[in-house]
Amino acid sequence: MSDTPTPHDVLDTQGLYCPEPIMMMHNKVRELQSGQWLEVVATDPATQRDIPQFCAFLGHRLANQTEQDGVFRYLIEIG
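A word on the side chain of glutamate 39. Along the chain, glutamate 39 falls in strand E2 (residues 37–42). Taking the relative accessible area as the measure of exposure, glutamate 39 reaches 13% and is therefore buried. Beyond its immediate sequence surroundings of up to four residues, glutamate 39 is in contact with Pro7, Asp9, Val10, Leu11, Arg73, Tyr74 and Leu75.

This is the structure:
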């Protein structure tokens, strides 16, 4: 992730399960402006499906998605 931008905010949803990570993400996105970056950290495997769908539906760009040791990280550009 050396060429990826530094996020303007980080949302830690570790330990939470669907639908809480998406609900929290929805609220956090409202606080950010178009072009800003949000990193979401999660442990719920359902976020692998939910976050890309959320981004596609609301017009945000999922720039990076990684998983290491059961921790999922998503870098999202707010649209």
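Moving on: the sheet that holds strand E4 (residues 71–77). The mixed open sheet is built from four strands, whose spatial order is E1-E2-E4-E3. Because the sheet does not close on itself, it has two edges, and the strands there are strand E1 (9–12) and strand E3 (61–68). Ignoring which end each strand starts from, the neighbouring axes of this sheet average 15 degrees apart. Sheet topology places E2 next to E4; six bridges connect them, and they run antiparallel. For tryptophan 37, the partnering residue across the bridge sits in E4 and is glutamate 77. Across the sheet, helix H1 (residues 20–31) lies against E1, E2 and E4, angled at about 160 degrees from E1, the strand it touches most. The sheet contacts of helix H2 (residues 47–58) involve E2, E3 and E4, and relative to E4 the element is tilted by about 5 degrees.

Next up on the list: H1. Counted at 1.5 Å a residue, the expected span for H1 with its 12 residues is 16 Å, and the 17 Å between its end C-alpha atoms agrees. The complete set of buried residues in H1 reads Pro21, Ile22, Met25, Lys28 and Val29. For H1, the arc enclosing every buried residue in end-on projection is 125 degrees, short of the 170-degree limit, so these residues lie on one face. Turned more than 90 degrees off the buried face of H1, the exposed positions are Met23, Arg30 and Glu31.

What counts and how
Residues numbered from 1 in each chain as written. Predicted model: local features only at pLDDT ≥ 70, side-chain atom pairs only at ≥ 80, totals over all residues. Heavy atoms only, no water. Helix = DSSP H or I, 4+ residues; strand = E, 2+ residues; numbered from the N terminus. Buried < 20%, exposed > 50% of the residue type's maximum accessible area, 1.4 Å probe, protein only. Contact = heavy atoms within 4.5 Å. Pairing = 2+ DSSP bridges. Axes fitted to C-alpha atoms, helices over the stretch in contact; angles between N-to-C directions. Expected span 1.5 Å × (residues − 1). Arc of directions from axis to C-beta.

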